[in-house]
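# Examining the three-dimensional arrangement
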Amino acid sequence: MTDRLYYDDAYLWTFEAKVTACRDTGKSREVALDRSAFYPTSGGQPYDTGVLCFGGSEARVTDVECDREGEVWHTVDREIPVGTRVTGRIDGTRRTDHMEQHAGEHMLAGAIHEQLGGTTIGLHLGAEDSSIDVELPDGRTHMTEEETARLEDTVNARIRADAPIRCWFPSEEELKTLPLRKPPTVTEHVRIVAMGDYEMVACGGTHPSSTGRIGLIRILGAVPARGKVRVSFVCGGRACRLFRDMSAWTRKAGNVLSCPPEKLAAAAGELKARLADAQRKLNRFETEEILQRIRSGESAEDLPGITLSVTVLDGAEPKPLSEAVSAYIAEDGKALLLCAGEKLTFARSPDVDIDMNELIRRVARGGGRPDLAGGAGIPECVSVARKILMTEGKGKKWRKKS
Ligand SMILES: [Zn+2]
């Protein structure tokens, strides 16, 4: 079993050890050490990275995991023989970030338990932000803004109080007396973490030496997830970086909309309303323009008794196109064979006796109703359709009897 040095000192970035075993899993080369400060992935906290130095060489540690026997295996990018003495160096920036998120989660879970009676299940420590799933006693799957603001204020006040964080392995007798937030999931070698008087729970993870070293917490959201509430948050350096990024985003957006950040929502709302109004006017204009093109494609002598328009457009927006077609066939005695870009629309007035569904199927891929059919095709399709009507419709009465 590897002697885990991070249990006693979470800030031990350099240590000496001896390689006790090597293995090749086929996918990776791994070594076990007699002692290690590298944290293996567990409890939602990801593994440490770093290097193992030996005899002037350096092997990168790219993954760390612990097996059932308590042996910590380090995935390395080069062979290190058993018995080799190594100096381990941990990426302290990565570990510090993980400790900030992990300890922040403890504080948040403790405050949720205290203020809302919620039980926290699992931690997901992501590359950007972290999240916990919370089961609330009344089965609620959301939190109000007031609740999350109060939680955030409470945790931040406790962080600023800079209370000591202590980790230890209590005796069985002592364990029974401890006011843990939830019962331990293991029965042997139970390790306890206590953060001031705010949080006490079993945990094998790495923690800062005091709450102040968490730095800051920012709750990003609380949304329903599988019958629970998923609370996402960032802590420490991540929270500072996010605040800096968000300040830059809002400043840039404010410059674009010529307003201070606090008036962004109102300015964006006003812009959206004006855009919708302008879009409506543009649609009306385009509808009118398409209708004019349809009328200019009319040829009165084509089919006796009705007016046929054969219209070819380079393209058209769907909404004005459909409104122009509807307006056109709302009049009596109209038939329309239209190609806009690669889109075909065959339509007719209710009193015209042409099956547009059948006609469009004879010249292109498409279909629809007898009075209105659509499809994909080219301008030649409307010419062919017109020829079919001209040749097969000789002597036909084109208007339905009213
Ligand atoms: Zn912990």
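Look a little higher up for the structure.
This structure is a prediction, so every number in the text was calculated from the model and none was measured.

Tracing the backbone through its elements, the reader meets I290 in helix α5 (residues 264-296). Spatially, the C-alpha atom of I290 lies 7.7 Å from that of P320, the residues being 30 residues apart in sequence. Once you skip the residues sitting within four places of it in the chain, I290 turns out to touch L313, A316, P320, L321 and A324.

Our next topic: the coordination of the zinc ion. At this site the zinc ion is bound by H102 (NE2), H106 (NE2), C203 (SG) and H207 (NE2), with donor distances of 2.0 to 2.2 Å. Every donor counted, the 4 donor atoms about the zinc ion form angles of 102 to 118 degrees at the centre, which fits tetrahedral coordination. Positions of the donor residues of the zinc ion, expressed as sequence spacing, correspond to H-x3-H-x96-C-x3-H. Of this pair, H102 and H106 both sit in helix α1 (residues 92-116), 4 residues apart, roughly one helical turn.

Neighbouring strands of a sheet are bound in pairs by backbone hydrogen bonds; such pairs are parallel or else antiparallel. The 6 strands are arranged β16-β17-β18-β19-β21-β20 in an open sheet whose pairing can be described as mixed. Whereas interior strands pair on both sides, the edge strands pair on one side only; in this sheet they are β16 (298-299) and β20 (365-368). Where β16 meets strand β17 (residues 307-313), 2 bridges bridge the pair, whose relative direction is antiparallel. Bridge pairing in β17 places E298 opposite S309.

Moving on, we get to the layout of surface pockets. Taken as a whole, the largest pocket holds about 1,000 Å³ of empty space. If you trace the largest pocket, you find 40 residues lining it, with Y7, S42, V186, C203 and G204 closest to the centre. Listed by contribution, the elements that provide at least two residues to the lining of the largest pocket are β1 (3-4), α1, β9 (119-125) and β13 (199-202). Looking at side-chain class alone, the lining of the largest pocket contains 15 nonpolar, 15 polar and 10 charged residues.

This part takes up the side chain of Q101. Tracing the chain through its elements places Q101 in helix α1. Since its relative accessible area comes to 0%, Q101 is described here as buried.

With that settled, consider the packing of aromatic side chains. Across all of its chains, the model carries 5 aromatic pairs by this definition. Plain terms: the ring middles of Y6 and Y39 are 5.1 Å apart, the flat faces sit at 75 degrees to each other, and that makes the pair edge-to-face. You can see Y6 sitting in the loop between β1 and β2 (14-24) and its partner Y39 sitting in the loop between β4 (35-36) and β5 (50-54), a full 33 residues away along the chain. We note that Y6, like Y39, is buried. When the ring of Y11 is compared with that of W13, the centres are 6.1 Å apart and the planes differ by 75 degrees; the resulting orientation is edge-to-face. Exposure remark for Y11: the relative accessible area of 24% places this residue in the partly exposed category. Every member of this aromatic cluster is reached through a ring pair, and the members are Y6, Y7, Y39 and F169. Stacked on the ring of W73, the Lys or Arg R23 has its end atom at 3.9 Å from the ring centre. The cationic tip of R94 hangs over the ring face of Y47; the distance from NZ or CZ to the ring centre is 4.7 Å.

Following both chains from N to C, one finds helix α7 (residues 356-363) and helix α8 (residues 379-392) inclined at 120 degrees, their axes separated by 9 Å at the closest point. It follows from the interaxial angle that α7 and α8 lie oblique. Between α7 and α8 lies a crossing whose hand is right-handed. Of the residues in α8, those touching α7 at L359, R362 and V363 are C381, V384, A385, I388, L389 and E392.

Looking now at α7. Inspection of α7 places M356, N357, L359, I360 and V363 among the buried residues, and these make up the whole buried set. Around the axis of α7, the buried residues are gathered within 165 degrees of arc, so they sit on the same side. On its buried face, α7 sits against β18 (334-340), β19 (343-348), β20, β21 (372-376) and α8. Looking at where α7 begins, the residue whose side-chain oxygen comes 3.1 Å from the main-chain nitrogen of N357 is D355.

Taken together, the side chains of D3, D8, D9 and D34 define an acidic patch exposed on the protein surface. Tracing the chain through its elements places D3 in strand β1. For D3, a relative accessible area of 44% puts it in the partly exposed group.

Conventions used here
- Residues numbered from 1 in each chain as written.
- Predicted model: local features only at pLDDT ≥ 70, side-chain atom pairs only at ≥ 80, totals over all residues.
- Heavy atoms only, no water.
- Helix = DSSP H or I, 4+ residues; strand = E, 2+ residues; numbered from the N terminus.
- Contact = heavy atoms within 4.5 Å.
- Donors = N, O, S within 2.8 Å, 3.2 Å for Na, K, Ca; no water.
- Tetrahedral: all angles 85-135°; square planar, octahedral: opposite > 155°, others 65-115°.
- Pairing = 2+ DSSP bridges.
- 1 Å grid on protein atoms, 1.4 Å probe; cavity = no way out; pocket = protein on both sides within 12 Å on 5 of 7 lines; lining within 4 Å.
- Points joined across faces, edges and corners; volume = space filled by probe spheres on them.
- Nonpolar A, V, L, I, M, F, W, Y, C, P; charged D, E, K, R; others polar.
- Buried < 20%, exposed > 50% of the residue type's maximum accessible area, 1.4 Å probe, protein only.
- Phe/Tyr/Trp six-rings, centres within 6.5 Å; stacked < 30°, edge-to-face > 60°.
- Lys NZ or Arg CZ within 6 Å of the ring centre and 35° of its normal.
- Axes fitted to C-alpha atoms, helices over the stretch in contact; angles between N-to-C directions.
- Parallel < 35°, antiparallel > 145°, perpendicular 65-115°, else oblique.
- Left-handed = near helix turned anticlockwise from the far one by under 90°.
- Arc of directions from axis to C-beta.
- Polar contact = N/O pair within 3.5 Å; in protein donor to acceptor, adjacent residues only side chain to side chain.
- Patch = residues over 30% accessible without salt bridge, like charges linked within 9 Å, V, L, I, M, F, W, Y side chains within 5 Å.
- Areas by Shrake-Rupley, 256 points an atom, 1.4 Å probe, with all protein chains shown as cover.
- Salt bridge = Lys/Arg side-chain N within 4 Å of Asp/Glu carboxyl O.
- Lys, Arg positive; Asp, Glu negative; His and termini not counted.
- Charge placed at Lys NZ, Arg CZ, Asp CG, Glu CD.

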